[in-house]
Structure formats: structure tokens, C-alpha cells
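# Residue-level structure breakdown
For reference, the chains in residue letters:
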Amino acid sequence: VLLAMYEFLVKSKIRVIVIFVIILFIAIFGTSMIIVGNPMVNYFRNTTEIRKADSFANKNFNGTTIINLVIKGKNAGDLSHPDILHKIDELQTHLEKKYPDIGNILSFVDMVKKMNEVMNVDEKGDYYEIPYDPKKYRLETKDELKQLIAQYLLLFSGNLTDYVDDGIEPSQTKIDIMLKNPDFDLVRDIKKEIMQYSAKNFPKDYEVVVSGNAELQVVVSNLIIDSQITNILSSLLAVFLILSIYFRSPIAGLFGLVTLAVPIFLNFGVMGFFKIRLDAGTSMVASVAIGIGIDYTIHFINAYHHERKLTDDLSLVTTKTLVTSGKAIVFNAVSVGLGFLVLVFSNFLPLVSFGSLVALTMLTSSLSAMTLLPVMLNIFKPKFISK
């Protein structure tokens, strides 16, 4: 089989270069389609109880994904002023109209509106609102409205600690935004809308912070991407230095980088085409690909180097390398790949993706080492390989 592969690919240098260039372009296109981040509930198969329960809750109730919005004033009582409460109420209405996936918004504002309605039950008109117009309440200023709201809170004497820091003179409040869709792009979009709206419409001296479990997962997702880029670059740099030092030539390091580039991009390309999300599990595959791929590259270059010192017949050197080191690479790639494929039977989907992608990496990195690498060595005939 190895000799047949040599006749079909390695012996025809132009063919293998064209094939790898096409594969690389397709993989890069697939890489651009990668979906970053994965809600934790999606880590489980649709048939699991937790996934069924989550789907039922999202369909029939207000949703299971929660964004917490914290609004901070500077002084005690700042969150009982009608101006800020009115703007918060407008923000809630704006978000509910713009995003149908919002199941409900719970806040201190709703409680103030309800207390205002109850306290004015004998009045004509709609009083389920934030007291905002002094004339409607037979008052002179908004400061008097603030005192009215403070009296509501004093009369209520209930436990509001889930939504404000002080039941009488609150300076901070928390808003729960419940989503029926855990998609990270939706969470990012809602956060962006909140920050833009509050910066434009809220009174000065109020700070707005988005937090909660949904935002936490998005932040973790962003950290994964940042660390992914850093890990890949540092790993490739280490590979370049190791090969350059071992063979006393930076050209050897470049050969190793090119050989590894194909399986890395192919891995991300497959993720993009098959909509495998880049999350905590799949982000490790690229590093594994580099770690395994460099083994195959070093084994092949070492064997090629040994055969090259014995003869200048590149065809003989390549075939001998393939039937010796190449055979070992095949056994190693198949055994390790099949070992990781066991993970596809897991109910935890990150393990399924990780196992299948690592198995794919075994295949692509071994093929890259046994086809692209010898073609480059035969075309460029670097000096380090014959020393």
C-alpha cells in the first residue's frame, strides 16, 4: 500500500502539490465558518434527560438561560430616583420588543410599578408605572416622587435583597433577563444592545455591568479563542526551534511547519463544514495535532536523512523511508486513532467531537508526513538532509 501511494502521489510531485493546495484552500474556507462557543446544555445529546428538560422549559416557560444586568449608582437611594427607574423600564420594554427569544425580564422596577398600582387602586387611570409625572401624583418635583417611592419601599418592608442592595435606599439593582435560546451570538448581541442603549439614555453617574451565567459562558468562550491562538503559535514556534536545533538548519524547521499546517487547517475546516463548535473540548485538538504531527515529521525526516546519506537516488531513498519509518507511522496512527474513536460512544458531546477530530488528525498528519514532506525534500533537496 505504501509503495502504491508512492507511485500515485509522491512520485508525481506536481500532483501532490496541487492536491494539497486545493485541500488547504478548502480547509481555510471551512475554518472561516467555525462557530465559536457552545452553551453547556449542548454538551449533552438530545436523548438525555437534562437536554429534554431544558428544551421543555424553554418551550413552555420563560427560558433557562439568564443574563444578569447590574446597575450601580454612587450614593444610597440613587436607585429610587424616578429618572433612572423610568429609563430602566424603557430599556426592559425595548429589549422585549427587539428580541423575541427573551421569555421574561424580572427587576426591582416591576415591584415598584406594582406597589404604585396597589397604592393608587382608587384612582382613575393606569398606575402600573414608575411615578414620573409629578402633576399626576399632585406633587411639585421629581425629588418628591423619589420620596414617594421610598415610602412605598418602607411600607412594603419585604425582602428585596435578590434585586437591590438595600430595601429602603437602594444604590444598586439587579435585573434578570431570561432567554429561551442559549445561543452565544444572541447573548453577545443583547449585551451590546444594553451597553449602547444605557450609554445613550441613562442619566450620568450610573454604571451598567452585564453578568450572570450566560455572560460567564461567553467570557469563557472568548478566553478559549485567545488561548487557542496563543497555544498554536507557541507550539509551532517550539516545533520550529526543535527541528532547527536538531538538524542545525532553520530550513528543517520550516519543513516541519509546512507539514503541520495542513492537518491543523484541515481539522478546523472539518469543524466549520460539519458545524462542530469550537469549545473547551475541541480547542485542545489543534495542540494534540501539533504534538502528534511533529512525531511523524521527525520520524520521517530522521529515516530519510539516514537513507539520504547512503545514496543520492531520491526514488530509492523515498521508497526505503516509506517501507520502514512509513510503516511505523501507519501502525501508530491507526492504533492511536482507533483508541480515540472509542470516545464517539460517549453521551458527553465534547468527548465525541474530541475523539473523532483526534482520529482524523491521526490520519491527516500521518498522510502529510508521508506524502507532502518527501515531495518537498525531493524538490528542494535541502543541504541539512544529506549531511
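Everything numeric here is computed off the predicted structure, so don't read it as measured data. By convention here, each chain's residues receive numbers from 1 onward along its written sequence. Local features in this predicted model are restricted to residues of pLDDT 70 or higher, and side-chain atom pairs are both shown and tallied only at a pLDDT of 80 or more, whereas totals for entire chains, interfaces and linings draw on every residue. Computation of side-chain values covers all heavy atoms of the structure but excludes hydrogens and water.

### Some points on the confidence of the model for the chain
The pLDDT value expresses, per residue, how confident the predictor is, ranging between 0 and 100. The predicted model of the chain has a mean per-residue pLDDT of 90, with 100% of residues at 70 or higher. A run of H or I in DSSP counts as a helix once it spans at least four residues, and a run of E counts as a strand once it spans at least two, with each numbered from the N terminus. Of all the helices and strands in the chain, helix α1 (residues 2-10) carries the lowest mean pLDDT, 81, while strand β3 (residues 172-179) carries the highest, 96.

### Quick notes on unusual backbone geometry
Its identity is not glycine, yet R138 carries a phi of approximately 55°, on the positive side. Summarising the element assignment, R138 is placed in the loop between α5 (108-119) and α6 (142-156). In this model, K275 sits at a positive phi of 55°, which is unusual for a non-glycine residue. Within the fold, K275 resides in the loop between α9 (250-273) and α10 (285-308).

### Some remarks on the side chain of S107
Assignment of secondary structure puts S107 in the loop between β2 (102-106) and α5. Relative accessible area decides the class of each residue, using a 1.4 Å probe on protein chains only: under 20% of the type maximum gives buried, over 50% gives exposed, and in between gives partly exposed. Classification of S107 as buried rests on a relative accessible area of 3%. In the analysis that follows, any N or O atom pair within 3.5 Å is treated as a polar contact, provided that within protein one partner can donate a hydrogen and the other can accept it, and provided that, for residues neighboring in sequence, both atoms belong to side chains. At 2.5 Å, the side chain of S107 and the side chain of Q92 are in polar contact. Among the polar contacts listed, one links the side chain of S107 to the backbone nitrogen of V109, at a separation of 3.2 Å.

### Some words on the packing of α9 against helix α12 (residues 349-380)
Axes, fitted as lines to C-alpha atoms, cover a helix only where it is in contact. Angles between the N-to-C directions of the axes lie from 0 to 180 degrees. Packing of α9 against α12 leaves a shortest axis separation of 8 Å and a crossing angle of 145°. α9 and α12 meet at a crossing whose hand is right-handed. Residues F255, V258, T259, V262, P263, L266, N267, V270 and M271 of α9 pack against L357, L360, T361, T364, S365, S368, A369, L372, L373, M376, L377 and F380 of α12. Residue polarity is assigned by list, with Asp, Glu, Lys and Arg as charged and Ala, Val, Leu, Ile, Met, Phe, Trp, Tyr, Cys and Pro as nonpolar; anything else, Gly included, falls into the polar class. For the contact of α9 with α12, the per-class residue count stands at 15 nonpolar, six polar and no charged. Left-handed describes a crossing in which the near helix is turned anticlockwise from the far one by less than a right angle; the clockwise case is right-handed. Residue contacts are defined here by distance: any two heavy atoms, one from each residue, within 4.5 Å place the two residues in contact.

### Digging into the layout of surface pockets
In this analysis a 1.4 Å probe is tested at points of a 1 Å grid over the protein atoms alone, and where it fits but cannot get out there is a cavity; an open set with protein on both sides within 12 Å along at least five of seven lines is a pocket; lining residues have an atom within 4 Å of a point. Grid points are joined across faces, edges and corners, and a volume is the space filled by probe spheres set on the points. In this model, the largest pocket occupies a volume close to 340 Å³. As for the largest pocket, its lining consists of 15 residues, of which I229, I232, I264, F265 and F268 are closest to the centre. At the level of elements, α8 (213-247) and α9 are the ones that each hand at least two residues to the lining of the largest pocket. Residue composition of the lining of the largest pocket, by class: 13 nonpolar, two polar and no charged.

### Some thoughts on the pattern of salt bridges
By definition here, a salt bridge exists when the distance from a side-chain nitrogen of Lys or Arg to a carboxyl oxygen of Asp or Glu is within 4 Å. Per the stated rule, a full pass over the model turns up 13 salt bridges. A salt bridge links D89 to K113; the shortest N-O distance between them is 3.1 Å. One end of the pair, D89, is in helix α4 (residues 82-98); the other, K113, is in helix α5, with 24 residues separating them in the sequence. Judged by its relative accessible area of 15%, D89 falls in the buried class. According to the relative accessible area criterion, K113 is buried, its value standing at 9%. Between K191 and E215 there is a salt bridge; the shortest N-O distance is 2.8 Å. With a gap of 24 residues between them, K191 in helix α7 (residues 184-201) and E215 in helix α8 connect regions that are remote in the sequence. Of the residues examined, E215 reaches a relative accessible area of 8% and is grouped as buried.

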